[in-house]
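Remarks on the overall topology
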Amino acid sequence: MRWMRLSYQQDQKATAILYLALPFVLFAAFFLYPIGHTVYLSFFDWNGLTATMKPMGFGNYRSVLGSQEFLLAGLNNAKWLAYFIVVPPALGLGLAILVDRLRRGQGFFQTLFFMPYVITPIAVGAIWKWIYNPGSGLLNSILRAIGLGAAAQNWLGEPRIAVYSMMLSASWVMTGLPFVLYLAGLKTVPAYLLEAAAIDGAGAARRFLNVQLPMLAPTTIIVEAFSILGAIRLFDLVFALTNGQPNIYINVLAPLMTKTSFQIFKMGEGAAIAVLLLLVTASLLCPYLIIASRRAERVKL
Amino acid sequence: MKRFFSKALCGVALMALIAAHGAFAQAKKEANILEIWHIWTAGGEADAFKALTDGFQAAHPDVKLQLRTFSEGGELRQQLGMALMGGNPPELFYCPGPATVLKDFVDAGNLAPVTNVWKAAKCEENFDPSIAAMYRINGDYWAMPLNIHSENPIWYNVEVFNKLGLKPPKSWNEYKTICDTLKKNGIAPSVGTIGWPLPMTIEPFIVKNAGVKGWNSFLNGKLSFTGPEMRQAFKDWKELYLDQLIKDWTGYAWADAAKPFVEGKAGMYFSHGDWLESFFKSLGMDESKFGFFFVPAPDAGATPVIIVDSFALAKGCANPKLGGMFLEYCASVDGQKRFNKIKGSVAPNKLVPADIYDATMSKMYAMYRQKDTKIIKDSGYIFHNDFQDKWKTLLGQYALTPTADVLEKILQELESKRTTSQFVVWN
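About the thresholds
- Residues numbered from 1 in each chain as written.
- Chains lettered and ligands numbered in written order.
- Predicted model: local features only at pLDDT ≥ 70, side-chain atom pairs only at ≥ 80, totals over all residues.
- Helix = DSSP H or I, 4+ residues; strand = E, 2+ residues; numbered from the N terminus.
- Rg over C-alpha atoms; globule rule 2.2 N^0.38 Å.
- Buried ≥ 20, exposed ≤ 12 C-beta atoms within 10 Å, placed from the backbone.
- Contact = placed C-beta atoms within 7 Å.
- Domains from an automatic or database assignment.
- Nonpolar A, V, L, I, M, F, W, Y, C, P; charged D, E, K, R; others polar.
- pLDDT = per-residue confidence, 0-100.
- Pairing = 2+ DSSP bridges.
- Axes fitted to C-alpha atoms, helices over the stretch in contact; angles between N-to-C directions.
- Core = buried A, V, L, I, M, F, W, Y, C linked by C-beta atoms within 7 Å.
- Expected span 1.5 Å × (residues − 1).
- Arc of directions from axis to C-beta.
- Parallel < 35°, antiparallel > 145°, perpendicular 65-115°, else oblique.
- Left-handed = near helix turned anticlockwise from the far one by under 90°.

Helix and strand counts for chain A come out as 15 helices and two strands. Rg of the C-alpha trace for chain A: 24 Å, well past the compact-globule value of 19 Å for 301 residues, more than 25% over. Counting only residues that meet the buried cut, chain A has 33% of its 301 residues in that class. Of the contacts made within chain A by residues no fewer than 6 positions apart, 69% connect residues no fewer than 24 positions apart.

Turning our eyes to something else, we now look at the overall build of chain B. For chain B, the count of helices and strands is 19 helices and twelve strands. For 427 residues, the compact-globule estimate of 2.2 N^0.38 gives 22 Å, and the C-alpha radius of gyration of chain B, at 24 Å, lies within 12% of that figure. Residue burial in chain B is summarised as follows: out of 427 residues, 49% are buried. In chain B, the proportion of contacts linking residues at least 24 apart, taken out of those at least 6 apart, comes to 79%.

In terms of domain boundaries, chain A breaks down into domain 1 (1–41) and domain 2 (56–300). Computed from C-alpha atoms alone, the centre-to-centre distance between domain 1 of chain A and domain 2 of chain A is 36 Å.

Each side of the interface is counted separately: chain A has 33 residues, and chain B has 35 residues. A total of six residues in the side of chain A that touches chain B trace back to one element, the largest contributor, which is helix α1 (residues 8–41) of chain A. A breakdown of the residues in the side of chain A that touches chain B according to their chemical character gives 16 nonpolar, 14 polar and three charged.

For the rest of this paragraph, the subject is the confidence of the model for chain B. Considering every residue of chain B, the mean pLDDT works out to 89; 93% of them sit at 70 or more. As scored by the predictor, the complex reaches a pTM of 0.83 and an ipTM of 0.80.

A few words now on the environment of S141(A). Looking at the secondary structure, you find S141(A) in helix α7 (residues 138–145). Between the C-alpha atom of S141(A) and that of L18(A), which follows or precedes it by 123 residues, the distance is 62 Å.

On to helix α12 (residues 254–262) of chain B, then. Within the span of α12(B), buried status applies to W254(B), D256(B), A257(B), A258(B), P260(B) and F261(B). Of the residues flanking the end of α12(B), it is G264(B), one or two places downstream, whose phi is positive at about 80 degrees.

Right, let's get into the environment of D358(B). Residue and element names in this part refer to chain B. For D358, the position within the fold is in the loop between α15 (333–343) and α16 (359–368). C-beta crowding within 10 Å serves as the criterion here: with 15 such atoms nearby, D358 is assigned to the partly exposed category. For the pair D358 and K341, spaced 17 residues apart in sequence, the C-alpha separation works out to 7.7 Å.

Residues and elements named next belong to chain B. The assigned domain composition of chain B is domain 1 (31–150 + 308–365) and domain 2 (154–305 + 372–420). One C-alpha centre belongs to domain 1, the other to domain 2, and the line joining them spans 28 Å. Facing 19 residues of domain 1, the contacting portion of domain 2 comprises 18 residues. Within the residue set of the side of domain 1 that touches domain 2, elements represented by two or more residues are α2 (43–59), α4 (100–107), β6 (143–150), α15 and α16.

With that out of the way, let us pick up the sheet that holds strand β7 (residues 154–157) of chain B. Residue and element names in this part refer to chain B. Taking strand neighbours across the sheet as the criterion, the four strands line up as β8-β9-β7-β10 in an open arrangement whose pairing is mixed. Each edge of the open sheet carries a strand with a single partner, namely β8 (188–191) and β10 (290–293). Within this sheet the neighbouring strands show an average axis-to-axis angle of 30 degrees, counted without direction. Sheet topology note: the β7/strand β9 (residues 266–269) ladder contains two bridges and is antiparallel. Residue pairing in the sheet places Y156 in a bridge with M268 of β9. Running at roughly 140 degrees to β9, α12 makes contact with β7, β8 and β9 of the sheet.

Membership of the largest hydrophobic core comes to 126 residues, with the highest contact counts inside it found for F93(B), V114(B), V191(B), F311(B) and A312(B). Mapped onto the domain boundaries, this core takes at least three residues apiece from domain 1 (31–150 + 308–365) and domain 2 (154–305 + 372–420) of chain B. By size, the runner-up hydrophobic cluster in this structure holds 54 residues, among which are W46(A), Y132(A), W155(A) and A162(A).

The next subject is helix α6 (residues 121–132) of chain A. All names here are of chain A. Taking 1.5 Å per residue as the helical rise, α6 with its twelve residues ought to reach 16 Å, and the 16 Å between its terminal C-alpha atoms agrees with that figure. Listed as buried for α6 are V124, G125, W128, K129 and Y132. For α6, the buried positions fall inside an angular range of 130 degrees around the axis, keeping them on one side. Looking at the buried side of α6, the elements it contacts are α7, α8 (159–174) and α13 (236–241).

Below, the discussion takes up the packing of helix α3 (residues 68–84) of chain A against helix α12 (residues 217–232) of chain A. Residues and elements named next belong to chain A. Close contact between α3 and α12 brings their axes to 8 Å; oriented N to C, the two are set at 155 degrees. In terms of their interaxial angle, α3 and α12 are classed as roughly antiparallel. Crossing of α3 against α12: the hand is right-handed. Here N77, W80, L81 and F84 of α3 come into contact with α12, specifically with S227, I228, G230, A231 and I232. For the contact of α3 with α12, the per-class residue count stands at six nonpolar, three polar and no charged.

Once that is clear, we can look at the environment of L95(A). Residues and elements named next belong to chain A. Relative to the elements of secondary structure, L95 occurs in helix α4 (residues 87–100). C-alpha of L95 to C-alpha of R206: the two residues are 111 residues apart in sequence and 18 Å apart in space. Apart from residues no more than four positions distant in its own chain, L95 is found in contact with F113, T175 and F179.

With that out of the way, let us pick up unusual backbone geometry. Residues other than glycine seldom take positive phi values, yet K122(B) does so here, at roughly 55 degrees. Mapped onto the elements of the fold, K122(B) is located in the loop between α5 (115–120) and α6 (123–126).

Right, dumping it as structure tokens:
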């Protein structure tokens, strides 16, 4: 490239820019532009089919925030959030501690516990719909077979318990990721710290609480961040378990947004729901990451 | 040199990405691909569509069919909307009729008219005028009907009825007596399901209280939800439907709900489409073991709510000519024979011989031709999606929590929605 006569530093800069150009273009095209366009769309009344859009100002937001369906869906997302930040991480950590102690078969259990995480949600929905079928499903059949027929429920059809039934199936899927992250995290805890604690008389519980758990802080930050995201963006599992038609009592915001945009053809209102979802996610995730990262730094020091 | 090639590679990759999109449509055209989107995923419905496509393929072996299925129409419309926005729609997609959504697509300029196909296939001569009217918008035809379904027969288990000495009722009082008898004998009067079929189950009670004339007012948005007819319809719906359902009915999808009916654990399958016939058979139920009836309306005999399965041609698709060829085959006697014989529906083409119908569909065919039968349109497709979704959502809410408070709340909400919504008046 002698004809360009760039200095070494200029050449380094040009190389970096050129390598980043394609990823940035893709990032702008598939991330920044859709977000910007969605925000723009949220101020219009548009059915997604016609060429013209009618300006609405904040009309879509008023309509969405005043809708009972939206408020119930938001409440359900809050329930899922409370659940996701506690149960799958706790289960994942528990399994990781158990598997970490195994001398043999760690690989087998890693595969076993992580496998549900990679199964497509539609398949997960099909499996759990069969398990939860009130007439001939696996769960009710087992309960009846062992004399607990009175405990057999309409797991997905009874509004009071449907959300919790779905949470149980979500546990099966969502525990895999925290498990592998925590397992990897446990292996990074320096052995000498554990030995020193043992010499000082700390039992297993103390060693876990005072040595391993604090050292797992960076892993916990990542796990909880995924949990928050998973709860707010929840779509696939609810969609799959309800044949694509969650009722008003169990619906969450992402399927509601999809239905509003692509089935009712109210793209502007759907975009407003998407923007509200983005704001909620950002307002939860950003402060969390900042505060949690600072705490993790202090633990490291 | 190494740096030059690595920078050049980035540029080439970027250009390739941009070129790929345009090449895709051209490749599809050159490969003679006909892409069809439909909703017939399983059982007799899937077999019927396969019979249709096999017939077309035999007549046109050079055409490559690319079929895509969806679990239901809403999901198809969702994907279709995105494909239309992206400028890469399928040639043909399933579209029901009569349907306001068809009109929406026409108004938005997303469909290609198929008037020339209707002329070539002589559809105006061979189809019933009421069917033709469903697809004529602004003087052109916009989709091709394949079959006629009735969505509200009440199916009954013949063995269960015979065992208890029951006969299909001729009035709602007789129907109530049947329900009581079934319950006394430990059999659930009916199966049911939540979700998209739910509005079909309240329709008989709207007709019961408002008549056929009132039903048309309902479709045109003129029937008040807080008026006496609708209030009584909801009361009847609760007493004669919701209170008669099998335990845990909300946990069944429509296909799952057929199993307890087939097994004789429920006496009836209330107000669900005649596509169930092929489904019962696929579950091993002999045709002699199930039947159907309609309870007469106050101002008519049977009032079958019809929906018509059809295909529309998307504007901007790669191979519109192939789409037109398939539509012409759909209108043909051979195509309609192949499809309707297995699907369990009635062919709109009057030239299709009646001997293709089995015993059940022959009865359905005969019922359509009775003098006092009044064919009525399906609310699910007449209402705009916005109103239809509100209707379905609030019905679901009441079905899950059928209290007086919830009823009053939803009636007020529906009335408010009715007065602010637009309705298309179909002839």
